[in-house]
Amino acid sequence: MCLEANRQALISVARGDAVVPSRLMLPYKDSDWSLFKPAATNSQMGMKVVSVRSGNPERGLPLVPATILHMDMETGIVDAVVAGTYLTAARTSCGSALAVQKFCKSLNRLVLFGAGLQAQQHVLAIRTALSLDKIPYITIVNRSATRAEELKHELLERGWVEECHIALLSHSSRIAEAVRRADVISTCTNSTTPLWDDAISLQTSCVITGIGSYT
């Protein structure tokens, strides 16, 4: 359902049936931001308010909290407030999955940069879009081993992957080997520094889904 909703939304934008103004971005401390994203179609109108707060994981809160306001188009009154944190992850990952569905000839090796909710949802969405029982091989690249191990355990426990390995961002040689052999690379992180050396030759058919680079 989420994949098809994304497909129709992208078609609507391409046809000019949707109005999607440039988002308003407000800076906070250091590299944190809050973003306000309005949009409308012929039958729907609303806005997503989403923030990035780097200190939230230490508080036990989502790194990227989000809320969606839905409006009655005729009256202009807000008629629904929807928690958007999970919805953001699902919507974004399904956009990536549609690109993989269209351009990836076959998926044997997936490289995930990041180990949060976005990464988890990318595995689910890509697996679903390609009608795979299990993704054969996944490499999780993350800053910390703890969160990467948690995601690895979850993916194996859910049966979404046959084989799963971890490489820390400091393991440049392991990252180089992973991206060199990857069929799909999903950058599920808001890192502002390069994730791999651009001298590395990727497979010509490799599909990169770059999300999180909102700045």
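Each remark here, short or long, concerns the structure printed above.
Residues numbered from 1 in each chain as written. Predicted model: local features only at pLDDT ≥ 70, side-chain atom pairs only at ≥ 80, totals over all residues. Heavy atoms only, no water.

Caption draft 1: Seen up close, the sheet that holds strand S8 (residues 161–168). The five strands are arranged S8-S7-S6-S9-S10 in an open sheet whose pairing can be described as parallel. Looking along the sheet, the strands with just one partner apiece sit at the ends: S8 and strand S10 (207–211). For this sheet, the mean inter-axis angle between neighbouring strands, taken without regard to orientation, is 15°. Here seven bridges tie strand S7 (residues 135–142) to S8, and the two strands are oriented parallel to one another. Bridge assignment links Thr139 to a residue of S8, and that residue is His165. Sitting on the sheet, helix H5 (residues 145–158) is in contact with strand S6 (109–113), S7 and S8, with an inclination near 175° to S8. (Pairing = 2+ DSSP bridges. Helix = DSSP H or I, 4+ residues; strand = E, 2+ residues; numbered from the N terminus. Axes fitted to C-alpha atoms, helices over the stretch in contact; angles between N-to-C directions. Contact = heavy atoms within 4.5 Å.)

Caption draft 2: Structural detail: the pairing of strand S2 (residues 33–40). In this structure, strand S1 (residues 24–27) lies alongside S2, joined through four bridges in antiparallel fashion. The residue of S2 that forms the bridge with Leu24 is Phe36. Hairpin geometry of S1 and S2 is characterised by an intervening segment of five residues between the two adjacent antiparallel strands and by a positive phi of about 50° at Asp30. Here S2 runs beside strand S3 (residues 45–52); their pairing, made up of eight bridges, is antiparallel. Bridged to Pro38 within S3 is Met47.

Read these as spatial facts, not as claims about activity.
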